[in-house]
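Each chain, letter by letter, is given below.
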Amino acid sequence: MATVERIDEGVAPDGKPAYSWLLKTKSAEAQILSWGATLTKLKTPDRNGKLGHVVLGFEKAQSYFKPHPYMGSTIGRFANRIKDGRISIDGTSIQLSQNDSKNHLHGGSEGFHNCSWNGEYSVSDQEATVILTHKSPDGSQGYPGDLNSTIIYSLHEDGALTISFHSNTNKSTVVSMTNHSYFNLSDGSEDHIRDHQLKLHCQLYTPSDKQGIPTGETQKTNGSHLDFSTLRPFPKPDSKLLQYDNNMIIDGEFGSLRPAARITHPKSGRCIDIETSKPCLQLYTGQYINPSLKGHHQEELKPNHGFCIEAQHVPNAPNQQKLPDAILRPGEQYQETVRLSFSLI
């Protein structure tokens, strides 16, 4: 039987009440915080049946009220980078905020990760659900239009977590939302991802410049360091750190829920299969995690302690003529889904 518990987390940085919702089923647990619509905890069983953390995070909600590397956060309005913070919609040039040198990153400093969301929950025999809503006003971080957004987290009895993203607008704008969780399936017992294995359903990627902005071209992953077409561990880096931060194009039809990635951890037996309707994913190996942060077990979080599979549109999409532009217009509905399915190997 699925259950939901609402937890009072005090006052958020914007002065609004903060809450967490703890979702439980017979085989998994997930906890979501109203600040940043953040996935703070996700637990699945190992091969001995012991529940353990599979995403990085902090034990107390108050830690999310301080600066952190988007740990489990909802990202929006636009995930990843926009060059020079400028977009063009129907011939009109628009200046967004610049929070990554001269570029715009993850919706700006006051993006969806850095605000309170309203929440309500529901429970059935088959799933526990929390529904979070937020209105981003016209001009927020430079974006045009009032954007009404809803995120639905559903933990299913069959061993899966679904995250659904929905938005509508009263002016043409750009939208690409994602969840920025860092995966580490070891329940805090390992401070590096080298013992994880990864498979990506991505035959193409978008090369980027030194600022992480796609050049507008696509290249095949086959035979490159981005070739994860078969399940394999991360290669041993030439330097001390893995340095992946790449946008990959997911095989199959954009808009349909299809396989994107598989993550396994042979020592624990845990496995997560990721499906999404989005066109791309960002593979990021957490090389910029700040060692001053403490994890769920008070372990020191380190660079490469976890890695992200961020389902998204192409970075800088509004300025890429050859790739989908991510524009949302009045009367249209933005709707995308990410599904994490849990199993054992």
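Located above this text is the structure these notes cover.
Keep in mind the model is a prediction, meaning the values are calculated, not measured.

For the rest of this paragraph, the subject is the sheet that holds strand β18 (residues 204–206). Sheet strands associate in pairs through backbone hydrogen bonding, adopting either a parallel or an antiparallel arrangement. Pairing within the open sheet is antiparallel, and its 5 strands lie in the order β19-β18-β21-β24-β25. The open sheet is flanked by β19 (219–220) and β25 (308–312), the only strands paired with a single partner. Pairing between β18 and strand β21 (residues 245–249): 3 bridges, direction antiparallel. Residue T206 lies in a different strand from β21, and its bridge partner there is N247.

So, on to the pattern of salt bridges. Pairs can form between side chains of opposite charge once their charged atoms are near each other. Scanning all chains against the criterion turns up 11 salt bridges. Among the salt bridges present, the one from D100 reaches R81, with a minimum N-O distance of 2.9 Å. Of this pair, D100 sits in the loop between β9 (92–95) and β10 (104–105) while R81 sits in strand β7 (residues 81–82), placing them 19 residues apart in sequence. In this structure D100 comes out as partly exposed when scored by relative accessible area, which is 21%.

Tracing the chain through its elements places C271 in strand β23 (residues 270–276). Distance from C271 to L56, taken between C-alpha atoms, is 16 Å for residues 215 residues apart in sequence. In this structure, C271 is in contact with L185, R262, I263, T264, S341, F342, S343 and I345, ignoring residues within four places of it in sequence.

This part takes up unusual backbone geometry. Here G76 and R77 are connected by a cis peptide whose omega angle stands at 10°. Tracing the sequence through the fold places R77 in the loop between β6 (74–75) and β7. Residue H106 is not a glycine yet carries a positive backbone phi of 50°. Within the fold, H106 resides in the loop between β10 and β11 (118–123). A positive phi is found at N316, a non-glycine position, where the angle reads about 60°.

A word on the side chain of H113. Residue placement: H113 occurs in the loop between β10 and β11. Sequence-distant contacts of H113, defined by excluding residues within four places in its chain, comprise W35, G36, Y70, S73, T74, I75, H106 and G108.

A few words now on a nonpolar patch on the surface. There is a patch of nonpolar side chains on the surface, built from M1, Y121 and V123 and spanning about 320 Å² of accessible area. You can call M1 exposed: its relative accessible area is 62%.

Glancing now at the sheet that holds strand β5 (residues 51–53). Taken in spatial order, the 5 strands line up as β1-β2-β3-β4-β5 in an open sheet, and their pairing is antiparallel. Where the open sheet ends on each side, the last strands, each with one partner, are β1 (3–11) and β5. The average angle at which neighbouring strand axes cross in this sheet is 20°, direction not considered. Of the pairings in the sheet, the one linking β1 to strand β2 (residues 17–24) comprises 7 bridges and is antiparallel in character. By the bridge assignment for β2, T3 is matched with K24.

What counts and what doesn't
Residues numbered from 1 in each chain as written. Predicted model: local features only at pLDDT ≥ 70, side-chain atom pairs only at ≥ 80, totals over all residues. Heavy atoms only, no water. Pairing = 2+ DSSP bridges. Helix = DSSP H or I, 4+ residues; strand = E, 2+ residues; numbered from the N terminus. Salt bridge = Lys/Arg side-chain N within 4 Å of Asp/Glu carboxyl O. Buried < 20%, exposed > 50% of the residue type's maximum accessible area, 1.4 Å probe, protein only. Contact = heavy atoms within 4.5 Å. Patch = residues over 30% accessible without salt bridge, like charges linked within 9 Å, V, L, I, M, F, W, Y side chains within 5 Å. Areas by Shrake-Rupley, 256 points an atom, 1.4 Å probe, with all protein chains shown as cover. Axes fitted to C-alpha atoms, helices over the stretch in contact; angles between N-to-C directions.

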